[in-house]
Structure formats: structure tokens, C-alpha cells
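Structure at a glance
Chain residues, written in single-letter form:
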Amino acid sequence: PTPEFENVTVVVNPSEIQCEMVKELGERAEKIRQGSVDASIDNMLKITTDGRKAALDLRLVEPSATFTYQSKVARCAENVFDIYRKTHTSKSTQLIFCDSSTPKNGFNVYDEVKNLLVGMGIPADEIAFIHDAETETRRAKLFLKVRKGDIRVLIGSTFKLGLGVNIQNKLIAIHHLDVPWRPADMTQREG
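Summarised in this report is the structure supplied together with it. (Residues numbered from 1 in each chain as written. Predicted model: local features only at pLDDT ≥ 70, side-chain atom pairs only at ≥ 80, totals over all residues. Heavy atoms only, no water.)

1. A few points about the packing of helix α3 (residues 72–86) against helix α4 (residues 109–120)
Two elements in contact, α3 and α4, have axes whose closest approach is 9 Å; the angle formed by their N-to-C orientations is 45°. By the angle class used here, α3 and α4 are oblique. Judged by the sense of rotation from one axis to the other, the crossing of α3 with α4 is right-handed. For the pair formed by α3 and α4, the contact residues are Val-73, Ala-74, Ala-77, Glu-78, Val-80 and Phe-81 on the first element and Val-109, Glu-112, Val-113, Leu-116, Leu-117 and Met-120 on the second. A breakdown of the residues in the contact of α3 with α4 according to their chemical character gives 10 nonpolar, no polar and 2 charged. (Axes fitted to C-alpha atoms, helices over the stretch in contact; angles between N-to-C directions. Helix = DSSP H or I, 4+ residues; strand = E, 2+ residues; numbered from the N terminus. Parallel < 35°, antiparallel > 145°, perpendicular 65-115°, else oblique. Left-handed = near helix turned anticlockwise from the far one by under 90°. Contact = heavy atoms within 4.5 Å. Nonpolar A, V, L, I, M, F, W, Y, C, P; charged D, E, K, R; others polar.)

Put into C-alpha cells, the structure is as follows:
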């Protein structure tokens, strides 16, 4: 049986820079429609990808951009920390799904979220990335830690952390930073 749940949508208004980026994306799309740009230079897939990344965090498409609290990443970290604090004694766990970024050298949303959470007071060893569990043995050990409440926040992509992950016994919240790209990953629940 599916447990009762509350579906909350958090709206983050775009920054001025994001609004400018959307205008630029529209101009790029118009050039493509007019046929004035070669598809190897720019195309609708590139525009869509840049738009998704800019909506998540502008630094994914503009490396010189700076951190802003007016972002999905900052708002998610605040919500995760608030729930963490309220459920500290029960050691409840939370999942964060992010498909438009992966852990890597340089700026990425995974490290940014973790750094924000650690800065707010969550111990680093209570936050994990599914990408670090590269074998079935490591995944099993990680999932056990989540089920026990030793790992309180697990961050991963829909592909790696979605279907077949059995860690819900202490799960209190799921956060989606972006919309999954594949139609099969999008589900609608009535609530």
C-alpha cells in the first residue's frame, strides 16, 4: 500500500540574470526557426538543455555566475535542513533527486547542496551521493546506512536512485530539484 503523503510545490522566482538568459534562449530559438544558424552550432536540444540547467542553477551554463539565495539549490537546502532539524531525534531520512548535474570536479549541484547543508549544521558523514556506491556491495552498505538513519540525506539521479531502491522505512521527504528528462521517469500521483 502507498502511504499518505503531502505534495508540496516550492516556487522560486527567477533572478534578473535568469530572465535575461530566457530572453537569449528565445532569440537563439528564433534564429534556428529562421534557418540562420547551422544545427551543428546551435539547435533546439542545446537550447532546451541550457534552459533546464539555467533554471536549476545559472552556474551550470554560466561559470562566472555567483551563488544566490534566490535559487532552487538554496531553497532545497533550506527545506532539507528544516526537516532534518525537526526530525533529528527520529533520524528520518530524505532523498534529493537531481538529473541535470552529477558529482564531478568543478561546479556541480551535488557538492553545492552538500556544502550548503554542512554549512547549516548537518554533519558531512550524514550526507551521501548514490554515485559514490559504484558496486552492488557498496550500494547495499549505503542503503543499510540510510535505512538505519546513519545517512540522513541521499542525493542522486532518477536513474540511479529511483526504481528498485528499498530505503523508505525512515523516509520523511523527497525533493526533486529538476524534472526528469525521460517520460518513463515522470509519474503523476493523485493526492
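2. Thoughts on the nonpolar core
Formed by 20 residues in total, the largest nonpolar core has its most connected members in Ile-96, Val-109, Val-113, Leu-117, Val-153, Ile-155 and Leu-177. Breaking this core down by element, the ones donating at least two residues are α3, α4, β2 (127–129) and β3 (153–156). Among residues more than four places away in sequence, those in contact with Val-109 are Leu-56, Leu-60, Val-73, Cys-98, Ser-101 and Leu-177. Core analysis: the second largest hydrophobic core is formed by 13 residues, Leu-142, Val-146, Leu-161 and Ile-167 among them. (Core = buried A, V, L, I, M, F, W, Y, C linked by side-chain atoms within 4.5 Å. Buried < 20%, exposed > 50% of the residue type's maximum accessible area, 1.4 Å probe, protein only.)

3. A look at the sheet that holds strand β1 (residues 93–97)
The 4 strands are arranged β2-β3-β1-β4 in an open sheet whose pairing can be described as parallel. Strands at the two margins of the open sheet, each flanked by one partner only, are β2 and β4 (171–176). The average angle at which neighbouring strand axes cross in this sheet is 15°, direction not considered. Taken together, the 4 bridges between β1 and β3 define a ladder with parallel strand orientation. (Pairing = 2+ DSSP bridges.)

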